Amino acid sequence: MKKILSLLCCVPFLFSIAACAPLPSDDGDIDEPPAIVDPEPDPEPKPDPKPDPKPDPEPDLDPIVKEHNYLKDTLFTDGFRLSKLDEGAPDYHTKPLVTANSGAAPTWTIAQWSSKYDLMEGTRASRFGEYTFTYDKTTPAAKSVSVNTKTGDLTITLNAEVEYENDRVENQPWPCVLMEQSWYGDELIRIADMQSLTMRMDYKITKLEDKMHGAVNAGLHCAQAVWYVTLQNRNYDSPDYGKYIWFGILLYDNRLAGTVSDLFAAEDGGKEENTGAFIYQPSSSEWSETGLVPDVEQATELRFDLLKAARSAYDLAIERNYLGSTKFDDLYIGSTNFGFEVTGTYNVSADFSNLGIIWEEKANKPPAQNKG
């Protein structure tokens, strides 16, 4: 800008050369030419704006791994097949108890063996995905099963005070309400193929009412909640195809609540109609969070990998000659049931949820079999 102004001062048709010369001051000195001030100096260049900071990268998330749940229809949307009452000649109603999916073939069965009262003759109520089946022609209602098909929550109630006119005696059948499921063919999973095999259930016993008429005989009278799976020989090529062990978790027993239950290993018996199969129940110290059999109103999260105990059950069953020539590699999970068996005059109820038999296979498995 200063150079431009100086050049303008020396242009001939605007100013003379003299006009461009410095003028003397009064004292004879020659004044310095005045400094030319730029009235509007160029602004200092602005620094380049900083780029917006890059957002932090999203953290690496673990990939979602779909669990392998052996149980089918854990929301109970396909309803239930219902057993009749005579355990000695097991039979089932042709009409299902319908929940969300009308017309579906149920994979669950409700067993109500040795009861006086048939849920098929009861009432059905539904509301917002909840379905309740109740035999309500007695006071109190003999039994009920309620499911939430959105969450998979299940409630089972059995009021045995209306089942027993007198307290149960030796070899007398007892009522039950059990949820059952079975597997066949390619559905079957072999125990020897498994890296882990976890029984999973959240549950709480919500009611125990003692309605005994007389003195309790601890060998005859109890209220039990149980969960069994069958460790079954399903190798068609085995001469002992079909033989099995009842492998069970004693979820609740009013005689043992709050204590450590011992290992129970014996033949299925106690009534005229029984399977004669070997029963194996590990101690509560092996599966309970506290080591104790849970008590009423005690919320319990069961997470039990049964692989080690299954081997122990097999070894003991072989020793006691229950499985014949069955090899451990011949054993599959053939069926399961859970719920109440009530051998005394007690009213009981429980909530169940988060059901699963969760399995993971080994990388190296024994040779495949002709299973079915």
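This section reports on the structure supplied with the text. Note that the structure is predicted; figures quoted are calculated from it, not measured. (Residues numbered from 1 in each chain as written. Predicted model: local features only at pLDDT ≥ 70, side-chain atom pairs only at ≥ 80, totals over all residues. Heavy atoms only, no water.)

Observations concerning the overall build of the protein chain
- Along the protein chain, the regular secondary structure elements total 2 helices and 15 strands.
- The buried share among the 372 residues of the protein chain stands at 44%.
- Residue pairs in contact within the protein chain that sit at least 24 positions apart in sequence constitute 73% of those at least 6 positions apart.
- As displayed, the protein chain offers around 20600 Å² of accessible surface, 52% of which is attributable to carbon and sulfur atoms. (Helix = DSSP H or I, 4+ residues; strand = E, 2+ residues; numbered from the N terminus. Buried < 20%, exposed > 50% of the residue type's maximum accessible area, 1.4 Å probe, protein only. Contact = heavy atoms within 4.5 Å. Areas by Shrake-Rupley, 256 points an atom, 1.4 Å probe, with all protein chains shown as cover.)

Topic: the sheet that holds strand β15 (residues 346-361)
- On the basis of which strands lie adjacent, the open sheet formed by 7 strands has the order β3-β4-β5-β6-β15-β8-β13 and antiparallel pairing. The open sheet has two free edges, formed respectively by β3 (123-127) and β13 (300-305), since each of these has just one partner strand. With strand direction ignored, the average angle separating the axes of adjacent strands in the sheet is 15 degrees.
- Here 5 bridges tie β3 to strand β4 (residues 130-135), and the two strands are oriented antiparallel to one another. Looking at β4, one finds that Thr-123 is bridged to Thr-134.
- Packed on one face of the sheet, helix α2 (residues 307-319) meets β8 (194-210) and β13 and runs near 85 degrees to β8. (Pairing = 2+ DSSP bridges. Axes fitted to C-alpha atoms, helices over the stretch in contact; angles between N-to-C directions.)

Structural notes on the side chain of Thr-77
- Mapped onto the fold, Thr-77 is located in the loop between α1 (2-9) and β1 (80-82).
- Looking at Thr-77, the relative accessible area reads 18%, which means it is buried.
- With residues up to four places along the chain from it excluded, the contact list for Thr-77 reads Thr-99, Ala-100, Asn-101 and Thr-149.

Some details on the nonpolar core
- One finds Leu-197, Leu-231, Phe-247 and Phe-352 to be the most contacted residues of the largest nonpolar core, which totals 76 residues.
- Contacts of Phe-247, omitting those with residues within four sequence positions, involve Met-199, Trp-227, Tyr-228, Val-229, Leu-231, Tyr-280, Pro-282, Phe-304, Leu-306, Ala-309, Ala-310 and Ala-313.
- Residues Val-226, Tyr-228, Ala-277 and Ile-279 belong to the second largest nonpolar core, which totals 6 residues. (Core = buried A, V, L, I, M, F, W, Y, C linked by side-chain atoms within 4.5 Å.)

A closer look at α2
- Here α2 contains 13 residues, and its C-alpha end-to-end distance of 19 Å stays within 8% of the 18 Å for a straight helix at 1.5 Å per residue.
- Taken as a whole, α2 has its buried residues at Leu-307, Ala-309, Ala-310, Ala-313, Tyr-314, Leu-316 and Ala-317. (Expected span 1.5 Å × (residues − 1).)

Side note on the sheet that holds strand β14 (residues 331-342)
- Strand order in this open sheet of 8 strands is β1-β2-β7-β14-β9-β10-β12-β11, and the pairing throughout is mixed. A single partner strand is all that each edge strand has here, and the edge strands are β1 and β11 (264-267). Across the sheet, the mean angle separating the axes of adjacent strands is 25 degrees when strand polarity is ignored.
- Where β11 meets strand β12 (residues 278-281), 4 bridges bridge the pair, whose relative direction is antiparallel. In the sheet register, Phe-264 faces β12, and the bridge partner there is Gln-281.

As for the pairing of β13
- Burial along β13 is one-sided: the face carrying Thr-300, Leu-302 and Phe-304 is buried and the face carrying Glu-301, Arg-303 and Asp-305 is not.
- Looking at chain direction, β8 and β13 are connected through 6 bridges and run antiparallel. Within β13, the position partnered with Arg-200 by the bridge is Arg-303.

Topic: unusual backbone geometry
- Here the amide bond leading from Thr-139 into Pro-140 is cis, since omega sits at -5 degrees, within 30 degrees of zero.
- Looking at where Pro-140 falls in the secondary structure, it is placed in the loop between β4 and β5 (143-148).
- Although it is not a glycine, Phe-76 adopts a positive phi angle of roughly 60 degrees.
- Mapped onto the elements of the fold, Phe-76 is located in the loop between α1 and β1.
- Phi is positive for Asn-321, close to 65 degrees, though the residue is something other than glycine.
- With respect to the helices, strands and loops of the structure, Asn-321 is situated in the loop between α2 and β14.

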